[in-house]
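Close look at the chain arrangement
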Amino acid sequence: MEARAAGEHSHTHEHQAVPSDPALRVKALESLLIEKGLVDPAALDALIDTYENKIGPRNGARVVARAWVDPAYRQRLLANATAAIGELGYGGTQGEHMVAVENGPKVHNLIVCTLCSCYPWSVLGLPPVWYKSAPYRSRSVIDPRGVLREFGLELAEDVEVRVWDSTAELRYLVLPERPAGTDRLGEEELAALVTRDAMIGVAKVSV
Ligand code: FE
């Protein structure tokens, strides 16, 4: 995408970036498949709607909020995340084998996939671009504190950083710390505070 100083163009519609190469290829492939009658456009729309609206970080946020308000659920989540996440109705592709790792005052967990881009789709939706980038994948392991600092998260020296390398077989969800001053919030309000980045481990949850 083309970088441009703010205000340089007031008529940006004439300067819209050309769709990325993969986007054009996908579009061409989609058109061809529909033309040949190999896929049903309605089925494609349903699939896209699922990933854009039904599967996403809001699912994970509900899992985290439940764990914060329900100690028994938290225990089940830490003991068997796949089953506990399934209790809330989330599961399926790319979320079959889940592990929840809990942050605390002295422990901070960070998730990466050093090999490619394995990610817990069922609770976090599709991975952000930076998660798939080579620098994040390599540097998260070599210098996790440095990576966290770039995300604006400075951890105290006495906090242990644990980096979890996701695979196709095993995907992780960070259970962030519940922020102070949220005792009076209900589960829904708590869920609204939980961000995707906090569940990857590159941020904390704040009020
Ligand atoms: Fe991967």
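All figures in this text were calculated on a predicted structure; none of them were measured in a lab.

Attention now moves to the overall build of the protein. Within the protein, the secondary structure is distributed over eleven helices and four strands. For the protein, with 207 residues in total, the buried portion stands at 33%. Nonlocal contacts in the protein, meaning residues at least 24 apart in sequence, comprise 68% of its contacts between residues at least 6 apart. If you sum the accessible surface of the protein, you get close to 12,100 Å²; carbon and sulfur atoms cover 56% of it.

Each angle at a metal carrying four tetrahedral donors should ideally be 109.5 degrees, and each at a metal carrying six octahedral donors should ideally be 90 or 180 degrees. Binding of the iron ion to the protein goes through Cys113 (SG), Cys116 (SG), Ser117 (N), Cys118 (N) and Cys118 (SG), at separations of 2.1 to 2.7 Å. Mapping the donors of the iron ion onto the primary sequence yields the spacing C-x2-C-S-C.

A separate point is the environment of Ala180. Within the element layout of this structure, Ala180 appears in the loop between strand 4 (171-175) and helix 10 (187-193). Judged by relative accessible area, Ala180 falls into the exposed class, the value being 68%. C-alpha of Ala180 to C-alpha of Ser206: the two residues are 26 residues apart in sequence and 8.4 Å apart in space.

This next bit is on a nonpolar patch on the surface. Taken together, the side chains of Val141, Ile142 and Val163 present a nonpolar region at the surface, about 270 Å² in accessible area. Note on placement: Val163 falls in strand 3 (residues 160-165).

This part takes up the nonpolar core. Grouped together as the largest cluster of nonpolar side chains are 43 residues, with contacts concentrated most on Val63, Leu77, Ile85, Tyr136 and Leu173. It is helix 3 (residues 57-69) that contributes the most residues to this core, six residues altogether.

For any two helices packed against each other, one specifies the crossing angle of their axes together with the interaxial distance. Here helix 3 crosses helix 4 (residues 71-79) at 125°, and the two axes come no closer than 5 Å. Here helix 3 lies oblique to helix 4, going by the angle between them. The hand of the helix 3/helix 4 crossing is left-handed. Mapping the contact onto sequence places Val63, Arg66, Ala67 and Val69 in helix 3 and Pro71, Tyr73, Arg74 and Leu77 in helix 4. A per-class count over the contact of helix 3 with helix 4 returns six nonpolar, no polar and two charged.

With 89% of its residues at a pLDDT of 70 or more, the protein has an overall mean of 88. Predicted confidence is poor over residues 1-14, with pLDDT under 50, and the contacts of this stretch with residues over four places away or in other chains come to four contacts.

To continue, consider the pairing of strand 2 (residues 107-112). Counting buried positions along strand 2 gives six out of six residues, so the element sits mostly inside the fold. Here strand 2 shows no split at all, with Val107, Asn109 and Ile111 on one side and His108, Leu110 and Val112 on the other all buried. One ladder, built from six bridges, connects strand 2 with strand 3; its direction is parallel. Residue pairing in the sheet places Leu110 in a bridge with Val163 of strand 3.

With that settled, the discussion passes to the packing of aromatic side chains. This structure, assessed with the given rule, holds seven aromatic pairs. Seen in terms of ring centroids, Trp130 and Tyr136 are 5.0 Å apart; in terms of plane orientation they differ by 70°. Their pairing is edge-to-face. With a relative accessible area of 23%, Trp130 lands in the partly exposed category. We classify Tyr136 as buried; its relative accessible area is 5%. Three or more aromatic residues joined by ring pairs form one cluster here, namely Tyr119, Trp130, Tyr131, Tyr136 and Phe151.

Reading the values: rules and limits
Residue indices follow the written sequence of each chain, beginning from 1 at its first position. In keeping with the predicted nature of the model, local features appear solely for residues at pLDDT of at least 70, side-chain atom pairs appear and are counted solely at 80 or more, and the whole-chain, interface and lining totals rest on all residues. By convention in this description, side-chain values take in all heavy atoms of the structure and omit both hydrogens and water. Put simply, DSSP H or I for four residues or longer makes a helix, DSSP E for two residues or longer makes a strand, and each gets a number counted from the N terminus. Burial here depends on accessible area, computed with a 1.4 Å probe over protein chains only, as a share of the maximum for the residue type. Under 20% is buried, over 50% is exposed, and the range in between is partly exposed. In this description, contact between two residues means that some pair of their heavy atoms is separated by no more than 4.5 Å. The method behind every accessible area is Shrake-Rupley, applied with a 1.4 Å probe, and residues are considered shielded solely by the protein chains displayed. The donor set covers N, O and S atoms within 2.8 Å of the metal, switching to 3.2 Å for Na, K and Ca, and it leaves out water, so a site may look short of donors. Here the term patch refers to residues with relative accessible area over 30% and no salt bridge, with like charges joined within 9 Å and nonpolar side chains (Val, Leu, Ile, Met, Phe, Trp, Tyr) within 5 Å. The term salt bridge refers to a pairing of a side-chain nitrogen on Lys or Arg with a carboxyl oxygen on Asp or Glu at a separation within 4 Å. Throughout, nonpolar core names a set of buried Ala, Val, Leu, Ile, Met, Phe, Trp, Tyr and Cys residues whose side chains join them through atoms within 4.5 Å. Only C-alpha atoms enter the line fits that serve as axes; for helices the fit covers just the stretch in contact. Angles between N-to-C directions range over 0 to 180 degrees. Note that the term roughly parallel is reserved for angles under 35 degrees, roughly antiparallel for angles over 145, roughly perpendicular for angles of 65 to 115, and oblique for everything else. When the near helix sits turned anticlockwise from the far one by under a right angle, the crossing is termed left-handed; a clockwise turn instead gives a right-handed crossing. When residues are sorted by character, Ala, Val, Leu, Ile, Met, Phe, Trp, Tyr, Cys and Pro go into the nonpolar class, Asp, Glu, Lys and Arg into the charged class, and all the rest, Gly among them, into the polar class. Confidence per residue, as judged by the predictor, is encoded in pLDDT with a range of 0 to 100. Two strands make a pair as long as DSSP finds a minimum of two bridges between them. Stacked, edge-to-face and tilted labels apply to pairs of Phe, Tyr and Trp rings (six-membered ring for Trp) whose centres lie within 6.5 Å, assigned for plane angles under 30 degrees, over 60, and everything in between, in that order.

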